[in-house]
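Inside the fold
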Amino acid sequence: MSAPRAFEREPYLTELSVRVVESGTDGGRPWAVLDDTLFYPEGGGQPADHGLLGGVQVLDVQSVGGALRHFLSAPVSEGPAVARLDWGRRFDHMQQHTAQHLLTAVAADRLGWETTAFHLGPETCDIELAAASITPADLFRLEEVVASEVRAARPVTHRRVPREEMASLPVRTRGLPEGHEGDVRLVAIEGIDLNTCGGTHLRATSEIEALKLLGTERLRGGTRLFFVAGGRVRRRLGSHEERSGRLRALLGAPDAGLAEAVEAKLVQLSDAQKACRAAEEELADAKAEALAAAGVPVAQAHFDGRDLAFLQRVGKRFTALPVPGIVFVTGVREGVEAFLLAAGGASSADVRVLGAAVAEAVGGRGGGSGKLYQGKGSLAARDGALALLRERLGA
Ligand SMILES: [Zn+2]
């Protein structure tokens, strides 16, 4: 491990005079290496810090061969500069990360579940626990114990120790990073946890404010446990309140009745859709009967706002009627232009041959079987297709 940087020595420091000692570009992205830094590089499940370096935005920080590269919105010149941390983002990360230490310690010591991974996302965080399943009662207990440890305002401290000393300490660790050399950084939550970690942490568990468990998901034989902590609890509750308020106004129901109100609306919608489908089918049958009654060799109609399913219903009904002619129907719905040919029950016309000619005439394609042929194409050529059909049938 290299010499402690400012983010490690003083995690509450938000401004620092530094020197840009090296600079370059990587894939077109300018970067700078500093003699000391406030910006935590992505690692250990915690995202990189953001901020400003000499007025230029720091967009990402990555450890490259032991050096911390600050990826920037624009190049900076080598020499002195002032670094300013995006403190809102960092403090949020410190809250989520310290909450994770506490949650991991309580889950292991009280419930026997070891943490195998941690992920700090933009909205929620999660840890992966070596537990095949977790009951709601256990989750409730876990959250209660964590809350009591937040209230206890336990100090959180960090120190470095020689690696040999680690063996004699009750250290909880998921293993040191590959290639680790020199001292080991330990982070302690007084009385409950001692952990190897290079991240940024709060001064005391009370600064976590609150930790809310959100739910679980099974994963690779273990369980992923989602949570939010600190300001995220308040922001999340705020957005839930806003959403509930909108739903209360829309549905005219109190919070406790919102789910039932939506269920009732979904039943109404399903009933209405069924009634609508039945009415559409009746209409299609009536249209087919009217077209058959016209008694012409090529009956035709266009239905704006109707899809191929409607045309199929018209065609199918038409084939069941004892007429010698054919019907040519078209429809447009949501920009899809469709056509269908059907031969009457007393017709000997080969609709597959006729249909292929129509498909070609409208610049589209289609297919059919028996007395039906359907396809898609441009209905701008509809009149031409109709003339072609009349000519073929000698009408
Ligand atoms: Zn940590």
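Being a predicted model, the structure only gives us computed values, none of them experimental.

Conventions adopted
- Residues numbered from 1 in each chain as written.
- Predicted model: local features only at pLDDT ≥ 70, side-chain atom pairs only at ≥ 80, totals over all residues.
- Heavy atoms only, no water.
- Helix = DSSP H or I, 4+ residues; strand = E, 2+ residues; numbered from the N terminus.
- Rg over C-alpha atoms; globule rule 2.2 N^0.38 Å.
- Contact = heavy atoms within 4.5 Å.
- Axes fitted to C-alpha atoms, helices over the stretch in contact; angles between N-to-C directions.
- Parallel < 35°, antiparallel > 145°, perpendicular 65-115°, else oblique.
- Left-handed = near helix turned anticlockwise from the far one by under 90°.
- Nonpolar A, V, L, I, M, F, W, Y, C, P; charged D, E, K, R; others polar.
- Patch = residues over 30% accessible without salt bridge, like charges linked within 9 Å, V, L, I, M, F, W, Y side chains within 5 Å.
- Areas by Shrake-Rupley, 256 points an atom, 1.4 Å probe, with all protein chains shown as cover.
- Salt bridge = Lys/Arg side-chain N within 4 Å of Asp/Glu carboxyl O.
- Buried < 20%, exposed > 50% of the residue type's maximum accessible area, 1.4 Å probe, protein only.
- Polar contact = N/O pair within 3.5 Å; in protein donor to acceptor, adjacent residues only side chain to side chain.
- Expected span 1.5 Å × (residues − 1).
- Pairing = 2+ DSSP bridges.
- 1 Å grid on protein atoms, 1.4 Å probe; cavity = no way out; pocket = protein on both sides within 12 Å on 5 of 7 lines; lining within 4 Å.
- Points joined across faces, edges and corners; volume = space filled by probe spheres on them.
- Donors = N, O, S within 2.8 Å, 3.2 Å for Na, K, Ca; no water.
- Tetrahedral: all angles 85-135°; square planar, octahedral: opposite > 155°, others 65-115°.

Some thoughts on the overall build of the chain
Per the secondary structure count, the chain includes 9 helices and 18 strands. Against the globule reference of 21 Å for 395 residues, the chain gives a C-alpha radius of gyration of 35 Å, more extended than a compact globule. In terms of principal-axis extent, the alpha carbons of the chain reach across some 100 × 55 × 40 Å. Within the chain, residue pairs in contact and separated by at least 24 positions form 62% of the contacts whose partners lie at least 6 positions apart.

Some thoughts on the packing of helix α6 (residues 258–293) against helix α7 (residues 308–319)
Following both chains from N to C, one finds α6 and α7 inclined at 50°, their axes separated by 8 Å at the closest point. As summarised for this structure, α6 and α7 are arranged oblique, according to the angle between their axes. Considering only the axes of α6 and α7, their crossing is right-handed. Within the contact between the two elements, α6 uses Glu280, Glu281, Leu283, Ala284, Asp285, Ala288, Glu289, Leu291 and Ala292 and α7 uses Phe310, Arg313, Val314, Arg317 and Phe318. The residue inventory of the contact of α6 with α7, partitioned by class, reads 8 nonpolar, no polar and 6 charged.

Considerations on a nonpolar patch on the surface
Together, Val262, Leu266 and Leu269 line one region of the surface with nonpolar side chains, adding up to about 260 Å² of accessible area. Along the polypeptide, Leu266 turns up in helix α6. A relative accessible area of 51% means that Leu266 is categorised as exposed.

Points about the side chain of Arg90
Tracing the sequence through the fold places Arg90 in helix α2 (residues 87–111). Of the residues examined, Arg90 reaches a relative accessible area of 0% and is grouped as buried. A distance of 2.8 Å separates a polar side-chain atom of Arg90 from the backbone oxygen of Pro11. When residues no more than four places from it in sequence are discounted, the contact partners of Arg90 are Phe7, Pro11, Leu38, Tyr40, Asp49, Leu85 and Thr200.

What to know about α7
Its 12 residues give α7 an end-to-end C-alpha distance of 16 Å, which sits within 8% of 16 Å, the value for a rise of 1.5 Å per residue. Each element contacted by the buried residues of α7 is listed here: α6, β14 (298–304), β15 (326–333), β16 (336–343) and β18 (372–376).

Let's talk about the sheet that holds β15
An order of β14-β15-β16-β18-β17 is seen for the 5 strands of this open sheet, with the pairing classed as mixed. Among the strands making up the open sheet, the edge pair consists of β14 and β17 (365–369). Here the strands of the sheet are splayed against their neighbours by 15° on average, with no regard to which way each runs. With 5 bridges connecting them, β17 and β18 associate as antiparallel partners.

Quick word on the sheet that holds strand β7 (residues 115–120)
The strand order across the open sheet built from 4 strands is β7-β8-β13-β12, with neighbouring strands paired in antiparallel fashion. If you trace the sheet from one side to the other, it starts and ends with β7 and β12 (211–219), each paired once. Taken over all neighbouring pairs, the strand axes of this sheet differ in orientation by 20° on average, direction set aside. Examined bridge by bridge, β12 and strand β13 (residues 222–229) share 8 bridges and lie antiparallel to one another. What sits directly across from Gly215, in β13, is Phe226.

Side note on empty space enclosed by the protein
Counted under the stated rule, the structure contains 1 cavity of 30 Å³ or more. Taken together, Leu291, Ala292, Gly295, Val296, Ala299, Phe318, Val323 and Gly325 make up the full set of residues lining the largest cavity. For the lining of the largest cavity, the residue count by class is 6 nonpolar, 2 polar and no charged.

Description of the coordination of the zinc ion
The zinc ion binds to the protein through His97 (NE2), His101 (NE2), Cys197 (SG) and His201 (NE2), with metal-donor distances spanning 1.9 to 2.2 Å. Angles of 97 to 125° at the metal separate the 4 donor atoms of the zinc ion, which places the site in the tetrahedral class. As a motif over one chain, the donors of the zinc ion read H-x3-H-x95-C-x3-H. Taken together, the positions of His101 in helix α2 and His201 in the loop between β11 (193–196) and β12 put the pair 100 residues apart, joining distant regions of the chain.

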